[in-house]
Amino acid sequence: EQAAEILTQKKRIEIYGVGSSSMVANDAYYRFMRQGLPAYSVIDPHIASVSASLLDQNCAVVAVSYSGRTVETLKSAQIAKEKGASIIALTSFSKSPLAKLSDVCLVSFCCWTLC
């Protein structure tokens, strides 16, 4: 509920994900856009850092990282948080650095973590 409230109240939503998380970021962008949300996918870490520096309290970031430890994603999320943006983490580890940085953490279960 908290994530949905944030996403529906912000004027801009940026979705960050690099490597294999970039596919999840792009899929989220497509789904948010189809719902009419002002979403943008940023999968290049250099552009994400610059873009994050331009955000404010009227913006949100969805930071996607399976481990919650991806350095580039963490850096961009930290910059955005310092600018006042709300941070929603999508990760598989609730005690990861990304989860701790976020305002809301959505934990995704992956079946291969059981192997």
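Residues numbered from 1 in each chain as written. Predicted model: local features only at pLDDT ≥ 70, side-chain atom pairs only at ≥ 80, totals over all residues. Heavy atoms only, no water.

Colleague: An account of the packing of aromatic side chains is requested, with residue identities and associated values reported.
Modeller: Overall, the coordinates contain one aromatic pair when judged by the stated rule. Positioned above the aromatic ring of Y40, the side-chain terminus of R12 is 4.0 Å from the ring centre. (Phe/Tyr/Trp six-rings, centres within 6.5 Å; stacked < 30°, edge-to-face > 60°. Lys NZ or Arg CZ within 6 Å of the ring centre and 35° of its normal.)

Colleague: Got a sec to walk through the nonpolar core? Specific residues and values, please.
Modeller: Residues Y16, L55, V61, A77, A80 and L98 are the most contacted members of the largest nonpolar core, which totals 17 residues. Going through the elements one at a time, α3 (45-52), β3 (59-64), α4 (71-82), β4 (86-91) and α5 (97-101) are the ones with two or more residues in this core. With four residues, α4 is the largest single contributor of residues to this core. Beyond its immediate sequence surroundings of up to four residues, A77 is in contact with Y16, A63, I87, L98 and L101. (Core = buried A, V, L, I, M, F, W, Y, C linked by side-chain atoms within 4.5 Å. Buried < 20%, exposed > 50% of the residue type's maximum accessible area, 1.4 Å probe, protein only. Helix = DSSP H or I, 4+ residues; strand = E, 2+ residues; numbered from the N terminus. Contact = heavy atoms within 4.5 Å.)

Colleague: So what's going on with the environment of N26? Residues and values would help.
Modeller: Mapped onto the elements of the fold, N26 is located in helix α2 (residues 21-34). Spatially, the C-alpha atoms of N26 and I43 are 8.0 Å apart, while their sequence positions differ by 17 residues. Only 2.6 Å separates the side chain of N26 from the side chain of S41, close enough to count as a polar contact. (Polar contact = N/O pair within 3.5 Å; in protein donor to acceptor, adjacent residues only side chain to side chain.)

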